[in-house]
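Each chain, letter by letter, is given below.
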Amino acid sequence: AREAESGDVSLSGRSDSMPLNALTPVVNRLQEAFAPLGIAPIDLPQIAVVGSQSSGKSSVLEALVGYDFLPRGTGICTRRPLILQLLNEDVEQDWAEFAHSSKKLYSFDEVKRTIESETAKVAGTGKSVSSEPIILRVHSRNVVDLTLVDLPGLTKVPVGDQPQDIAEVIHKMVMEVIERPNCIILAVSAANQDIANSDGLQLARLVDPNGERTVGVLTKLDIMDAGTDARDVLEGRTYPLRHGYIGVVNRSQRDIDQGKSMMASMASEKKFFETHPAYSRVAHEQGSGFLSKRLNSLLEGHIRQVLPDISKKAKAMLREASEELTKYGDGGAQTSREQRAHVVSAIQGFCEDYKEAVLGVSRNLDDSRLYGSGCIREIFTSVFPDEVRQIDAKSELTDDDIHIVRRNAVGVKADLFVPNAAFETLVKRLIRKLEDPAGHCVRKVSEQLKVLLRDVVKTSPQVCRFDELKKRVWAECMRLLTEKTFQAAEFVQGIINMQVAYINTENPNFEKIRAGVYKLSMQAHQSTVSAREANDRESASQERRAAENKARPRGVKQGTFEVCVKGEWKQYFVKVVDKSMQLYSGKSDTSPLRTIPLEGCAVSDPESGNEVEIRSVTEKGWIRSKSESTRLRFKSAEEAATWSNIFRLMADSDVGIHGSSWSSASDSPEKRLSDRRSSMGMSAAASMGVHGSPSRRAAQSLSLTEREVLEAKVLRQLLEHYFRIVQASVIDSV
């Protein structure tokens, strides 16, 4: 841009008289300066080589240079755009150099290896492509001043390890270059294929439908089918182009393998056109030599035409860049070392600004609200402690929680004092609840540091002048802030984990209440002893009353009736004494023939008016009980009803109720006893959870002894005191 500006008068005023070798270096320098941007901000005049992979593009370029320097092989070979700058200079030996290196290369085999290595660096070792160009300058007395852009060959089907969208990627890359109005399109097509199927011409027609800036090149004329030629295409009768078509004959793969030189190839090409009956008339307008001269002439005219506009745009860009550079301050940093020192100084200044903002001594602080370090201090001294203290042991642990954990800790063994396992289980549960407020504290502090960082990046004079440096500083600081936030969160989690891992019951502040705890535990123990002694006294009193009742005369009811025992009716003298019925053969007998227990028996209503049936349990068992039936026949229904009531009064209330009766065999004593046991089993099952663990309802219905109630109170007091100690410790540590 500076060179274009310095020569503005000459270029704009006498560009018609200047040789191309004076114009080309200016365009080349602009092209090199714009190459890292991908798409140049100024539409520079250039020639883009377009064609399919098998069209012979590489051979055409090598013929223009005069050396074999491009990678060859199957599939796609050109995987990065190659900006080829041919410079006609009076040199003793031809040499080449790359824009990224100042090394002179006199061997074009080394040029080929460098292209392959630079391509692999950017596009990888596979078959993928990249839009980042390679710039190659060739200095020779045998070339014309010319600049060409070799683009990757067009393809339709991905092969090998090529990406599936390789066709779309190459198509987009080529279109971005040839759609610019100042680009001359060199469309390379194979003559042994139908010109209508030429990929290069099809793509050129999309951006240049009238063929105003397209030059056609026909290759492989020497291998067309016998009896056919491409004369109609060369003369523009098939698909006309403004700049026409030029035919070339390149070296075959066999010629390359046999080491045929470029000079020999050009001689063979000239002889082919001069001796071929279809092309001899136009032989002077065909061949690689004519192609290079024609391209040189087109590029020179195009540069002369657009150079004034390029100079105008370059001057405008230079003014904008100078104004932007002025905003960045002193431009004395010219060398790489000075520039690095300038960047380091800017970063150090930014760090100082951020440090002042965190400490609260910055002049750029927002005084209209709680901000920066003041907000961080508020989080540490007020917000976080309040969230921690809101976790109350009284509300977090219910009585049921304490009773269940205490009983689980005791297990099947009897306990003397409050179990340590229950205390540790419950206090760890409480400590874990501190994880949420601790995590909130870390996130809130991180957000405040992020706000400070954003404001300092915007206001710091050290970095805000440089847009790219500002973006890099912001990105790196955010990366560090995110990394340190995770580390802080892990550290805070470690504080909670340490409190959970070791329950320090020997803490001096906790020992102050241990004496009171032991005192309450002894009270619970004494309460249990007192309750047991009271129960023993009550049991002894009940036994004495039962003995006194037993010593009293027993009530006796007797009479003579017909009794059916084991299916046989017989007359007996019957006595009902102390819940049993005794059968005698006569009134004078002293020893009963049979004793039938009435406890737990079932008595039927009088049948046929004067018969009563008694079903009594003779043998009790948990699974099965045995019973027998005894029937009595009375003289009248009134007498049967009287004795039926007596039998019912003798029945035990634990099995049935006084005066119980049945109407069918399903209400037998065995059935009633079985139903009672089943109901007991269902009650037990109802008090269990799905997997046999006590449910919350069962815990609420637990019958607690006075000692258990006292132990629960002691345990709650221990938990509350210790949890307050842990809360204070966590607040201080965080």
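About the thresholds
- Residues numbered from 1 in each chain as written.
- Predicted model: local features only at pLDDT ≥ 70, side-chain atom pairs only at ≥ 80, totals over all residues.
- Heavy atoms only, no water.
- Helix = DSSP H or I, 4+ residues; strand = E, 2+ residues; numbered from the N terminus.
- Buried < 20%, exposed > 50% of the residue type's maximum accessible area, 1.4 Å probe, protein only.
- Contact = heavy atoms within 4.5 Å.
- Core = buried A, V, L, I, M, F, W, Y, C linked by side-chain atoms within 4.5 Å.
- 1 Å grid on protein atoms, 1.4 Å probe; cavity = no way out; pocket = protein on both sides within 12 Å on 5 of 7 lines; lining within 4 Å.
- Points joined across faces, edges and corners; volume = space filled by probe spheres on them.
- Nonpolar A, V, L, I, M, F, W, Y, C, P; charged D, E, K, R; others polar.
- Expected span 1.5 Å × (residues − 1).
- Pairing = 2+ DSSP bridges.
- Right-handed = clockwise from strand over helix to strand, strands pointing away.
- Axes fitted to C-alpha atoms, helices over the stretch in contact; angles between N-to-C directions.
- pLDDT = per-residue confidence, 0-100.
- Phe/Tyr/Trp six-rings, centres within 6.5 Å; stacked < 30°, edge-to-face > 60°.
- Arc of directions from axis to C-beta.

## A word on the overall build of the protein chain
Looking only at helices and strands, the protein chain has 24 helices and 15 strands in total. For the protein chain, with 734 residues in total, the buried portion stands at 42%. At a minimum sequence separation of 6, the contacts of the protein chain that also span at least 24 residues come to 71%.

## Re the side chain of Ser265
Tracing the sequence through the fold places Ser265 in helix H10 (residues 262-275). The buried category is assigned to Ser265, whose relative accessible area is 8%. Each residue touching Ser265, except ones within four places of it in the same chain, is listed here: Val249, Asn250, Arg251 and Lys260.

## Observations regarding the nonpolar core
Counting 38 residues, the largest nonpolar core has Phe69, Val111, Ile115, Leu136, Leu148, Leu186 and Leu291 as the members making the most contacts within it. Counting residues per element, this core draws most heavily on helix H11 (residues 288-327), at 6 residues. What Leu148 contacts, discounting residues up to four positions off in sequence, is Ile47, Val49, Leu61, Leu64, Leu82, Ile83, Leu84, Leu86, Leu186 and Leu295.

## Some thoughts on the layout of surface pockets
Taken as a whole, the largest pocket spans an internal volume of roughly 750 Å³. Surrounding the largest pocket, 37 residues form its lining, Gln53, Ser54, Ser55, Gly56 and Lys220 being those nearest its centre. Breaking the lining of the largest pocket down by element, the ones donating at least two residues are helix H4 (57-65), strand S6 (183-190) and helix H9 (253-257). Looking at the lining of the largest pocket, its residues break down into 9 nonpolar, 20 polar and 8 charged.

## Concerning helix H17 (residues 435-459)
For H17, which comprises 25 residues, the first-to-last C-alpha distance of 37 Å matches the rise-based estimate of 36 Å (1.5 Å per residue) to within 8%. Considered for burial, the residues of H17 that qualify are Pro437, Ala438, Cys441, Val442, Val445, Ser446, Gln448, Val451, Leu452, Leu453, Val456 and Val457. Tucked inside the fold, the buried residues of H17 contact helix H12 (336-359), helix H13 (373-389) and helix H18 (467-501).

## A look at the pairing of strand S7 (residues 214-219)
Among the 6 residues that make up S7, 6 are buried, leaving the element largely enclosed by the rest of the structure. Residues Thr214, Gly216 and Leu218 point to one face of S7 and Val215, Val217 and Thr219 to the other, with burial holding for every one of them. Two elements, S6 and S7, share 6 bridges in a ladder whose sense is parallel. When the bridges of S7 are listed, Ser189 appears paired with Leu218. Tracing the backbone out of S6, into helix H7 (residues 199-207) and back to the parallel element S7 gives a crossover that is right-handed. The pairing of S7 with strand S8 (residues 245-247) spans 3 bridges and is classified as parallel. Its bridge partner lying in S8, Leu218 is registered against Gly247.

## A short note on empty space enclosed by the protein
Scanning all chains against the criterion turns up 3 cavities of 30 Å³ or more. Its boundaries defined by the atoms lining it, the largest cavity holds a volume of some 90 Å³. Lining of the largest cavity is provided by 13 residues; of these, Ala63, Asn250, Arg251, Met262 and Ser265 occupy positions nearest its centre. Every element with two or more residues in the lining of the largest cavity is listed here: H4 and H10. Examining the composition of the lining of the largest cavity, we find that 4 residues originate from one element, H10, more than from any other. Considering only residue class, the lining of the largest cavity consists of 5 nonpolar, 4 polar and 4 charged. Its volume calculated, the second largest cavity comes out at about 70 Å³. For the second largest cavity, the full set of lining residues is Leu70, Pro71, Cys77, Thr78, Arg79, Arg80, Leu82, Ile115, Thr119, Ile134 and Asp150.

## Observations regarding the sheet that holds S6
What the 8 strands build is an open sheet, ordered S3-S4-S2-S5-S1-S6-S7-S8; its pairing is mixed. Every interior strand has two partners, whereas the edge strands, strand S3 (95-98) and S8, have only one. Each adjacent strand pair in this sheet contributes to an overall mean axis angle of 25°, direction not counted. Note: strand S2 (residues 82-88) against strand S5 (residues 146-150), 5 bridges, orientation antiparallel. Bridging from a neighbouring strand, Leu84 pairs with Leu148 of S5. Where H4 meets the sheet, its contacts fall on strand S1 (46-50), S2, strand S4 (134-140), S5, S6 and S7, and the angle it forms with S5 comes to roughly 160°. In the packing of helix H6 (residues 166-178) onto the sheet, the strands contacted are S1 and S6, and the crossing angle to S1 comes to about 155°.

## Focus on unusual backbone geometry
With phi around 60°, Lys220 is a residue other than glycine that occupies positive phi space. Within the element layout of this structure, Lys220 appears in the loop between S7 and helix H8 (231-234).

## Some words on the confidence of the model for the protein chain
Residues with a pLDDT of 70 or more make up 79% of the protein chain, whose mean pLDDT is 78. Confidence drops under pLDDT 50 across residues 1-15; counting only partners more than four residues distant or on other chains, this segment forms 22 contacts. In the model, residues 653-700 has pLDDT below 50 throughout and makes 54 contacts with residues more than four positions away in sequence or in other chains.

## Description of the packing of aromatic side chains
As enumerated under the stated definition, the model contains 11 aromatic pairs in all. Summarising the aromatic geometry, the rings of Tyr67 and Phe108 are spaced 4.0 Å apart at their centres and angled 5° between planes, so their arrangement reads as stacked. In this pair, Tyr67 sits in the loop between H4 and S2 while Phe108 sits in helix H5 (residues 108-123), placing the two residues 41 residues apart along the sequence. According to the relative accessible area criterion, Tyr67 is partly exposed, its value standing at 28%. Residue classification places Phe108 among the buried residues on the basis of a relative accessible area of 7%. Ring centres 6.0 Å apart and planes at 65° place the aromatic pair Phe273 and Tyr279 in the edge-to-face group. The same class applies to Phe273 as to Tyr279, namely buried. Through a chain of ring-to-ring contacts, three or more aromatic side chains come together here, namely Phe561, Phe634, Trp643 and Phe647.

## Some words on the pairing of S1
Of all 5 residues in S1, 5 are buried, a share of seventy percent or more. Pairing between S1 and S6: 5 bridges, direction parallel. The residue of S6 that forms the bridge with Val49 is Leu186. Strand direction decides the pairing type here: S1 and S5, joined by 3 bridges, are parallel. Pairing of Val49 across the sheet is with Asp150, part of S5.

## Remarks on helix H16 (residues 420-432)
Compared with the 18 Å implied by 1.5 Å per residue over 13 residues, the 18 Å span of H16 between its first and last C-alpha is a close match. If you check which residues of H16 are buried, you get Ala422, Phe423, Leu426, Val427, Leu430 and Ile431. For H16, the angular spread of buried residues about the axis comes to 160°, placing them on one side.

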